[in-house]
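Examining the three-dimensional arrangement
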Amino acid sequence: MNHPVVSVARRGDLAVVTIDSPPVNALSVNVRTGLLTAFTGLVGDAAVAGVVLACAGRTFVAGSDIAEFDSPVFDESDLNDVCAAIESLGKPVVCALHGTTLGGGLELAMACHYRVAAPNTRLGLPEVTLGLLPGAGGTQRLPRLIGVADALEIILSGSPVSADKAQRLGLVDAIVDGDGLDQALQFTRALIARQAPCRKTSEIAIAPDGGLTTLFAGARQGLAKKSRGAFAPAKIVDCLEAAVNLPFAEGLAVERRMFVECMHSPQSVALRHAFFAERETGKIPGLDKNLALPAIGRVGIVGAGTMGGGIAMNFLNAGIPVVLLEVAADALARGLANIRKHYEATASKGRMTFEEVDQRMALCRGSLDYADFGDCDLVIEAVFENMDIKKAVLARLGEVCRPGAIIATNTSSLDVDELALASGRPADVVGMHFFSPANVMRLLEVVRGRETAPAVLAAVLALARKIRKVAVVSGVCFGFIGNRMLEGYLRESEFLLMEGATPSQIDRVLESFGMAMGPCRMMDMAGIDVGAKVLGERAKEGTLPADPSYRMPCRTLAELGRHGQKTGAGYYRYDGRTPVHDPEVDRIMAELASRFGIARRQEISDEEIFERCFYPLVNEGARILEEGIAYRAGDIDIVWLNGYGFPSVKGGPMHAADVIGLPRVVARLGHYAEQCKDRHDYWRAADLLSRLAAGGHRFADA
Ligand code: 3H9
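From a predicted model like this one, the values you see are computed outputs, not experimental measurements.

Among the secondary structure elements, Asn314 is positioned in helix 12 (residues 306–317). One polar contact links the side chain of Asn314 to the main-chain carbonyl oxygen of Ala438, over a distance of 2.9 Å. A polar contact is formed between the side chain of Asn314 and the side chain of Lys469, at a distance of 3.1 Å. Those residues in contact with Asn314 that lie beyond four places of it in its chain are Phe434, Ala438, Asn439, Ile467 and Lys469.

Rendered as structure tokens:
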């Protein structure tokens, strides 16, 4: 009897084995056992002269089922057994590929004797992006098929290749247009007619080559520099070396051992958490999946500065026409010229053609008149971060946008509900917080206002996918998810500076944890004046803590004109782009400490620096969760992984806190509450955090 997710059908003297396991035909235990049963059944079937292996649906197998790696079913059946059964079938097996042929999917295909692919096929072994290595023969079969150097490059990069490239490399035998299955059947019949052999990839010899020792040494050296402590890449090189030096079966055993080591590594656990968390972000509790969504075919943007221009490019890249508005003709011309300059620079590097530059620019219409937004389905304001200015813009948009059009604000911290009211049509208003540079950063915080219509929210989430952003929904609060959490992190790094730590010490500690940039370098890059301006606004609103020393380093440096990299000095002095320690900063910090009665210390440990910066961030994340600003801890992780340079191998701050253990986080918050004489309630653990810790739970369970 056929297994439901794997079926066998006859086409004359050929059998077609079809995997049908939506959405991506992942190799779950059911699919693996189904395949094993199917191929075992075909061994003795004398009426079958050859087999085509294909997939139903939008793609060939996109990999092993990632969700099974933590569960006992992983050991219930081994994909290697399926591959061995196919390879030793004794009649030609042709694999018909389409869509994303990834990971275990490509390993399955390489165990077949021949491969044909639809032109849209993308083939790759992305395991390394999950902290893994190919664990079903990928590291042993790929070098046999395409050579060691290309195999190493494909497996270490994790990036898929096109069908064309795969054919050039020898990974695919033919590219078939039209009905892939029919073509694969014809291909198989032709093989049988010319009595072509069952090519076993495992039996291909890797030619002895003196250059390989150098290749592996070079790869290891490269990894030491580039992969910043990643666990899997070095194991991948070991496996490829095993493929060269050992018989196939022994190489396979090495690969399996190392795969299991990777699978249990904290890095892979974190990366797999992030994989699923990212996919979860689009699932909004209570949002009806069948809502009719307003189509977004034309987008308006107010403001052609760096942010507005960056936002525009996202839509132009996706083929969506843009109306870009400025108040003055010269500012508009500058904005349009900057977009063109950016595209031309990309074209000069060969990453797009000059024809494409013209095509994208043709989609972008400059305007000085709000009336030109009349035919836009969405208009995003990207003007100066000031409540009065933004309110005026929203009010204007409320008048000129057609009924049903969506109005978005790109504020990074202001009250979206207040802005929505200013528009006069709050149900149409949503926050779209892009991160700078807006055409590069993947993160988009979508801020759901009190009155945002569900269809507006859903339409913006669908659009985000189209422009290849990872969208996370946030409720309304100061700074939304990311910037609100950043506040505690920066607060403590600035207190540490006043207490005697240096910017380079603080940055070194956070960067060795894996942050792309420590807080001082980050502020210097983002602009200290920008941070100080937000603090100034909050001081006016009366929403800052009643602590005169609060964020004083930032405010003082801004007053002194030390705005960061752009003025050549901030927390550091800049030699070109290189930050250099500046004794003047030490002096300023010592002076602030004496002004505010903060005790200076000779030595502050790395552990204290890490804990004082990281735990307030996690604590704020807990508050964000308990207030319902974020739907899930995983959403918070995705914000930090994609918008703030949090190390992917740590899975985001909430996952990292789960790994450290919430009881320890609570205990250390208590410790610093005592040490810092917590007059301003900075160190009080969030109720949710205390509750989870006391119950032995994790954020992942919240
Ligand atoms: C591996 O193969 C190990 C082997 O070497 C050896 C083992 C021994 N498993 O991304 P989407 C789900 S490691 C389980 O939104 P898209 C996903 O969660 C694996 N589920 O669609 C989502 O579910 P839901 C190597 C998976 O069109 C739904 O499918 N392979 C898997 O934007 C749609 O996903 C990879 O690393 C999976 N392998 O992109 C490929 N893949 O609807 C990982 C997807 O419930 N996958 N799902 O939220 C991808 O890169 C993308 O999903 C893909 C489609 C490009 C395929």
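The subject of this paragraph is the pattern of salt bridges. The full count for this structure, using the stated rule, is 49 salt bridges. Residues joined in a network through salt bridges with shared partners are Arg491, Glu492, Glu499, Arg601, Glu608 and Arg612.

Helix length check: helix 15 (residues 387–400), at 14 residues, gives a terminal C-alpha distance of 20 Å against a target of 20 Å (1.5 Å per residue), a fit within 8%. Where the residues of helix 15 are buried, they touch strand 10 (299–302), strand 13 (378–381), strand 14 (406–409), helix 16 (416–423) and strand 15 (429–434). Near the N-terminus of helix 15, the side chain that reaches the backbone nitrogen of Asp388, with its oxygen 2.9 Å away, is that of Asn386.

This brings us to the nonpolar core. Within the largest apolar cluster, 80 residues are counted, with the highest numbers of intra-cluster contacts made by Ile481, Leu510, Tyr571, Ile636, Trp640, Leu689 and Phe699. When residues in this core are grouped by element, the largest group, 10 residues, is from helix 24 (residues 606–626). Those residues in contact with Trp640 that lie beyond four places of it in its chain are Gly482, Met485, Leu486, Met515, Leu617, Gly645, Phe646 and Pro653.

What follows deals with the site of the ligand. The immediate surroundings of the ligand are formed by 29 residues, with Arg58, Glu107, Glu127, Arg279 and Lys283 found nearest. In the environment of the ligand, a nitrogen atom lies 2.9 Å from a nitrogen or oxygen atom belonging to the backbone of Ile66. Between an oxygen atom of the ligand and a main-chain N or O atom of Gly104, the distance comes to 2.9 Å. Coverage of the ligand by the protein chains reaches 78% of its 1000 Å² of free accessible surface. Elements represented by at least two residues in the shell around the ligand include exactly strand 5 (100–102), helix 3 (104–111), helix 10 (248–263) and helix 11 (266–280).

The omega torsion of the bond from Pro22 to Pro23 falls at 0 degrees, within 30 degrees of zero and hence cis. Relative to the helices and strands, Pro23 is located in the loop between strand 2 (14–19) and helix 1 (29–43). Put simply, Ser436 and Pro437 share a cis peptide bond, and its omega is -10 degrees. Checked against the element boundaries, Pro437 lands in the loop between strand 15 and strand 16 (443–447). Of note, the phi angle at Phe480 is positive, near 55 degrees, even though the residue is not glycine. Topologically, Phe480 is positioned in the loop between strand 17 (470–474) and helix 18 (482–499). Phe480 gets classed as buried once you look at its relative accessible area, which sits at 0%.

Reading the values: the criteria
Residues numbered from 1 in each chain as written. Predicted model: local features only at pLDDT ≥ 70, side-chain atom pairs only at ≥ 80, totals over all residues. Heavy atoms only, no water. Helix = DSSP H or I, 4+ residues; strand = E, 2+ residues; numbered from the N terminus. Polar contact = N/O pair within 3.5 Å; in protein donor to acceptor, adjacent residues only side chain to side chain. Contact = heavy atoms within 4.5 Å. Salt bridge = Lys/Arg side-chain N within 4 Å of Asp/Glu carboxyl O. Expected span 1.5 Å × (residues − 1). Core = buried A, V, L, I, M, F, W, Y, C linked by side-chain atoms within 4.5 Å. Buried < 20%, exposed > 50% of the residue type's maximum accessible area, 1.4 Å probe, protein only. Near = heavy atom within 4 Å. Areas by Shrake-Rupley, 256 points an atom, 1.4 Å probe, with all protein chains shown as cover.

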